[in-house]
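Chain and residue survey
Take a look at the letters that make up each chain.
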Amino acid sequence: MNMIRTFLALPNDSRAKTIGIALTLCLVCSIAVSTAAVALKPVQEQNKLLDKKKNILQIGGLLEEGQSVGEAFKQVEPKVVDLATGEYVGNIDPDTFDARAAVADPKQSVVLGREEDIASIKRRAKYATVYLVKGPQGQLQKIILPVHGYGLWSTLYGFIALQADANTVVGLGFYEHAETPGLGGEVDNPAWKAKWPGKQVFDADGRVALSVVKGAAQDGPKAPYQVDALSGATLTSRGVNNLVHFWLGQDGFGPYLQKIHNGGSL
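Residues numbered from 1 in each chain as written. Predicted model: local features only at pLDDT ≥ 70, side-chain atom pairs only at ≥ 80, totals over all residues. Heavy atoms only, no water.

**Side note on the overall build of the chain**
To be explicit about the condition: Per the convention used, a helix needs a DSSP run of H or I reaching at least four residues, while a strand needs a run of E reaching at least two, with both numbered from the N terminus. Relative accessibility under 20% of the residue-type maximum defines a buried residue, over 50% an exposed one, and the middle range a partly exposed one, all with a 1.4 Å probe and only protein chains included. For this analysis, residues touch if any pair of their heavy atoms sits within 4.5 Å. Every accessible area reported is derived by Shrake-Rupley at a probe size of 1.4 Å, with residue values counting cover from the shown protein chains alone.
For the chain, the count of helices and strands is seven helices and nine strands. Buried positions account for 38% of the 266 residues belonging to the chain. A fraction of 52% describes how many contacts in the chain between residues 6 or more apart in sequence connect residues 24 or more apart. Surface accessibility of the chain: about 15,300 Å² in total, with carbon and sulfur atoms responsible for 56%.

Shown next, in the form of structure tokens:
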């Protein structure tokens, strides 16, 4: 107490008093911010999960006006898939599985070789969560897959939705990226996203033919597989093209989609 009285008795223009008050304010503010961060973390995590579900629903064309995210998401069944085999993994909870965290764990991820890593992600988790949309009788209607890959400035994280044939695109969208606004950031433009529905993924030989190309043909044999590139954003367009080819190919969801196409993995 004597130290406090001595400190308060110092002149207001004293250097020691000025520094002491500044340090005290910094300490109080730090405690307040830390306390708020800890207290709000559950709310932040809940909002993050809600936003993720909203993105899944929107890309899958499942969110109707006036419908809550929670209600709409009841028609979606998440499952964890072993990417190497295309089989479901029953002992991993899809609600808690974190693919980003798994990438950092050598036991849960694989290193990609230079030729394999066309999406420039370096490592890939061994497992991934897929989202199945089923009808009233349990019939598969849509498949929603997480995708990510490097664009010009950032890694783009999003989802691609396919019809039950595991070949026809329902939609593609990204919920996180740092591409240049007005250029690569146009991946968020509704007009560009509207170019994806109805496009086909695989050609007659089972190879990934879906591509982002400059001046995509409006008709002709390649038209069903082509999406026009973003104007002025060549590298971002190339990044989207590469991540689509990676995740729908044999190093991504290819084995799983093949099983779906053959009537399995439901």
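Having seen the model, we can carry on.
**Section: the pairing of strand S6 (residues 155-163)**
Note the following rule: Note: two strands are recorded as paired if DSSP finds a minimum of 2 bridges between them.
The buried fraction of S6 amounts to seven of the nine residues, a majority that puts the element mostly inside the structure. The pairing of strand S5 (residues 140-150) with S6 spans nine bridges and is antiparallel. Directly across from Leu145, in S6, lies its bridge partner Ile160. Counting the residues in the hairpin turn of S5 and S6 gives four residues. As consecutive antiparallel partners, S6 and strand S7 (residues 169-176) are separated by five residues, and within that stretch Ala166 has a phi angle of approximately 60 degrees, a positive value.

**Some remarks on the packing of aromatic side chains**
Keep this limit in mind: Here a pair means two rings of Phe, Tyr or Trp (six-membered ring of Trp) with centres within 6.5 Å. Their orientation is stacked below 30 degrees between planes, edge-to-face above 60, and tilted elsewhere. Here, a charge over a ring means that NZ of Lys or CZ of Arg falls within 6 Å of the ring centre while also lying within 35 degrees of the ring normal.
In this structure the tally under the stated criterion is seven aromatic pairs. Seen in terms of ring centroids, Tyr131 and Phe159 are 6.0 Å apart; in terms of plane orientation they differ by 80 degrees. Their pairing is edge-to-face. Note that Tyr131 is positioned in strand S4 (residues 127-134) and Phe159 in strand S6, a separation of 28 residues in sequence. Comparing Tyr131 with Phe159, the two get one shared label, buried. With 5.0 Å between their ring centres and 90 degrees between their planes, Phe246 and Trp247 make a pair best called edge-to-face. The burial state of Phe246 is the same as that of Trp247; both residues are buried. Clustering of aromatic rings is evident, with ring pairs tying together Phe73, Tyr131, Phe159 and Tyr175. For the cation-ring pair, Lys79 lies above Tyr88, with the distance from its terminal atom to the ring centre recorded as 4.4 Å. We note Arg100 situated over the ring of Tyr157; from NZ or CZ to the ring centre the distance is 3.6 Å.

**Observations concerning the nonpolar core**
Heads up, the condition is: In these notes, a set of buried Ala, Val, Leu, Ile, Met, Phe, Trp, Tyr and Cys residues joined through side-chain atoms within 4.5 Å is what counts as a nonpolar core.
One finds Leu145, Trp196 and Tyr256 to be the most contacted residues of the largest nonpolar core, which totals 41 residues. Put simply, the parts of the chain that give this core at least two residues each are S4, S5, S6, S7, helix H6 (234-248) and helix H7 (254-261). If you look at the next biggest cluster of nonpolar residues, it comprises 14 residues, including Ile59, Ala72, Val76 and Val170.

**Quick word on the environment of Leu132**
With respect to the element layout, Leu132 can be found in strand S4. Once the C-alpha coordinates of Leu132 and Ala161 are considered, the two residues, 29 residues apart in sequence, prove to be 9.7 Å apart.

**Here we look at unusual backbone geometry**
Positive phi, close to 60 degrees, is recorded for Ser120, a residue that is not glycine. Along the chain, Ser120 falls in the loop between strand S2 (109-111) and strand S3 (123-125). With relative accessibility at 43%, the residue Ser120 sits in the partly exposed group. One non-glycine residue, Lys122, lies in positive phi territory at about 70 degrees. Positionally, Lys122 belongs in the loop between S2 and S3.

**Remarks on the sheet that holds S6**
Spelled out, the test is: Lines fitted to C-alpha atoms define the axes here, with helix axes fitted over just the stretch in contact, and angles between the N-to-C directions of these axes take values from 0 to 180 degrees.
Spatial strand order, S1-S4-S5-S6-S7: five strands in an open sheet with antiparallel pairing. Looking at strand neighbours, the two that pair on one side only are strand S1 (76-82) and S7, the edges of this open sheet. Strand-to-strand twist across the sheet, computed as the mean angle between neighbouring axes with direction ignored, equals 25 degrees. By the bridge criterion, six bridges tie S6 to S7 in an arrangement that is antiparallel. Along S7, the bridge assignment pairs Phe159 with Gly173. Its contacts with the sheet place H6 against S5, S6 and S7, and it is angled at close to 125 degrees to S5. H7 rests against S1, S4, S5 and S6 of the sheet, and its axis sits at about 165 degrees to S5.

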